[in-house]
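Structure at a glance
If you want the building blocks of each chain, they are given just below.
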Amino acid sequence: MISIDVIRKPILADLEAFDAFVGENFSAEGELLQDMLTYALSSRGKGVRPILTMLAASICSGHAGAECGAERVCSKRTYLAAMLVEMIHTASLIHDDVLDGADERRGKPSVNAKWQSDRAIILGDYILARTMALGMASAQYDLVSYVGSAMATLCEGEVLQSQHANSFDTTRNDYFDIIYRKTASLLGVAAALGALSVGATKEEVDRMRKFGEAIGMAFQIQDDILDYNRQNNTGKPVNNDLREHKITLPLIEVLERVTPERRTEIVDVLRRCDTDESAVDELQRIVDEGGGAALASETMHAYLSRAMHLLAKYPASPYREAMMNLCTFIAERDK
Ligand code: FPP
Ligand code: MG
């Protein structure tokens, strides 16, 4: 099984420099705001987005690379690109936990659980405001412009998702549209900005964007599969998508294979999932018996094959290998 540490290895020095860069740039006035900010920044996850930005920058720079990653390859422009993306992601999850009423994130209390929703919203806004201010002060408007569009796309995805959760009518196409906007678009920008930050050609920036989007689709499908896996290690409560009335790919696969009458029955069970834990158990059983997770996994692998295919254009290097490993990691991950 591929670990995230193996993927980080060729860019280790750059990732350490990136963490220091974030620490230097992100602080807040006022004790409460600083406490909340420190908590949010220290509870960041695996760091898939900065890893992707750094790997895209490294592979596009044409640097031969070293397995050990002892040497820094990236410049401050790449760190800035990675920071813009990572902070938007951090803010969006703080807001997402408020919208979902989620008490836990990565095995720890969410910001809203610790400090209430109103303060969590302001913390998310503060991170966004500081991010954009840092971007503008750097005068690297090409990077900032990508990130501004990505923020709008995330919001579109959230609103679409909430609309469909209320109408219980999510089709396969709706689902792909939602996950493209809420997850894949930002991973696409993470990779594209890595390329742009080292002056790559438009063709290369586009290729990296496609790579990021393909692994982003796969990443979200795996996230939705893990929501049906009661042994997962995500640090999030299992089956929360059902309690939030979200119809995701494992359930769509099952719904597409039943009669219209059975579909109505299953949707009626879903309607009860927000208040009735026996309905949650019943839907978990329906998806297990219909093989929903395995079917969704086939689609996830198709996206990963597309991503790996895009890497064939590059000569072998530790960075290309790490990007291949990132694809495998997404498929294998249980957290
Ligand atoms: C997690 O999805 C949520 C997102 C990927 C996007 C959230 C976006 C917003 C709340 C819009 C606000 C945008 C900005 C820029 C502040 P999930 O709920 O399926 O995953 P989870 O299980 O990890 O919560
Ligand atoms: Mg959520």
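That block above? That's the structure.
These figures come from a predicted structure and were not determined experimentally.

Criteria and thresholds
- Throughout, residues of each chain are indexed from 1 in the direction in which the sequence is written.
- Labels follow written order: the first chain is A, the first ligand is 1, and so on.
- Local features in this predicted model are restricted to residues whose pLDDT is 70 or higher, and side-chain atom pairs enter the listing and the counts only when it is 80 or higher, whereas totals over whole chains, interfaces and linings include all residues.
- Values reported for side chains reflect all heavy atoms of the structure, with hydrogen atoms and water molecules removed beforehand.
- Working definition: residue near molecule or strand if any one of its non-hydrogen atoms lies within 4 Å of it.
- Nitrogen and oxygen atoms within 3.5 Å of one another constitute a polar contact, given that in protein one can donate a hydrogen and the other can accept it, and given that sequence-neighbouring residues count only through two side-chain atoms.
- Only the protein chains shown count as covering a residue, and every accessible area follows the Shrake-Rupley method with a 1.4 Å probe.
- Helix and strand labels come from DSSP, where a helix needs a run of H or I of at least four residues and a strand needs a run of E of at least two; each type is numbered from the N terminus.
- As a working rule, the residues Ala, Val, Leu, Ile, Met, Phe, Trp, Tyr, Cys and Pro are called nonpolar, Asp, Glu, Lys and Arg charged, and the rest polar, with Gly in that last group.
- Residues count as neighbours in contact if any of their non-hydrogen atoms are within 4.5 Å of one another.
- Nonpolar core, defined: a set of buried Ala, Val, Leu, Ile, Met, Phe, Trp, Tyr and Cys residues in which side-chain atoms within 4.5 Å join the residues together.
- Note on exposure labels: buried denotes an accessible area under 20% of the residue type's maximum, exposed denotes more than 50%, and partly exposed covers the range between, all computed with a 1.4 Å probe on protein chains only.
- Distances up to 2.8 Å from the metal define which N, O and S atoms are donors, and 3.2 Å serves for Na, K and Ca; water is absent from the atom set, so sites may look incomplete.
- Points on a 1 Å grid over protein atoms alone make up a cavity when a 1.4 Å probe fits among them but cannot get out, and a pocket when they form an open set with protein on both sides within 12 Å along at least five of seven lines; lining residues each have an atom within 4 Å of a point.
- Grid points are joined across faces, edges and corners, and a volume is the space filled by probe spheres set on the points.
- Axes here refer to lines fitted to C-alpha atoms; in helices the fit is confined to the stretch in contact. Angles between the N-to-C directions go from 0 to 180 degrees.
- Roughly parallel refers to an angle under 35 degrees, roughly antiparallel to one over 145, roughly perpendicular to one between 65 and 115, and oblique to any angle outside these ranges.
- Left-handed describes a crossing whose near helix is turned anticlockwise from the far helix through less than a right angle; right-handed describes the clockwise counterpart.

Asp96, Arg105, Glu158, Lys182 and Lys236 are the nearest of the 18 residues found near ligand 1. A distance of 3.2 Å is found between an oxygen atom of ligand 1 and a side-chain nitrogen or oxygen belonging to Asp100. In this structure, an oxygen atom belonging to ligand 1 sits 2.5 Å away from a side-chain N or O atom of Lys182. Contact with the protein chains hides 90% of the accessible area of ligand 1, taken as 630 Å² for the molecule alone. Elements with a contribution of two residues or more to the shell around ligand 1: helix H5 (76-100), helix H8 (141-167), helix H9 (172-197) and helix H10 (202-226). It is H5 that provides the largest number of residues to the shell around ligand 1, a total of six residues. Each residue belonging to the shell around ligand 1 can be placed in one class, and the counts come to six nonpolar, four polar and eight charged.

Its place among the elements puts Thr299 in helix H15 (residues 292-311). Sequence-distant contacts of Thr299, defined by excluding residues within four places in its chain, comprise Arg172, Phe176, Ile221, Leu249 and Glu253.

Grouped together as the largest cluster of nonpolar side chains are 108 residues, with contacts concentrated most on Met208 and Ile221. Setting aside residues up to four positions removed in sequence, Ile221 forms contacts with Tyr175, Phe176, Ile179, Leu249, Ala296, Thr299, Met300 and Tyr303.

For a metal bound by four donors in tetrahedral geometry, the ideal donor-metal-donor angle is 109.5 degrees, whereas six donors in octahedral geometry ideally sit at 90 or 180 degrees. The protein atoms donating to the magnesium ion (ligand 2) are Asp96 (OD) and Asp100 (OD), with metal-donor distances spanning 2.0 to 2.1 Å. Here Asp100 and Asp96 lie together in helix H5, a separation of four residues that amounts to about one turn.

The full count for this structure, using the stated rule, is one cavity of 30 Å³ or more. Each pocket or cavity is described by its volume, and for the largest cavity that value is around 160 Å³. Around the largest cavity, the lining comprises 13 residues; the ones closest to its centre are Ser43, Ile94, Arg105, Arg106 and Val111. Elements represented by at least two residues in the lining of the largest cavity include exactly helix H3 (31-42), H5 and strand E2 (108-109). Sorting elements by how many residues they give to the lining of the largest cavity places H5 first, with four residues. The residue makeup of the lining of the largest cavity, split by class, is six nonpolar, three polar and four charged.

If you want to describe how two helices pack, look at the angle between their axes and the distance between the axes. For the pair H5 and H8, interaxial distance at closest approach is 11 Å and the crossing angle is 20°. Between H5 and H8, the angle is such that the two are roughly parallel. For the pair H5 and H8, the crossing hand works out as right-handed. Between H5, through Arg77, Leu80, Ala81, Leu84, Val85, Ile88, Ser92, Asp96 and Leu99, and H8, the contact on the second element is made entirely by Asp142, Leu143, Val144, Val147, Met151, Leu154 and Glu158.

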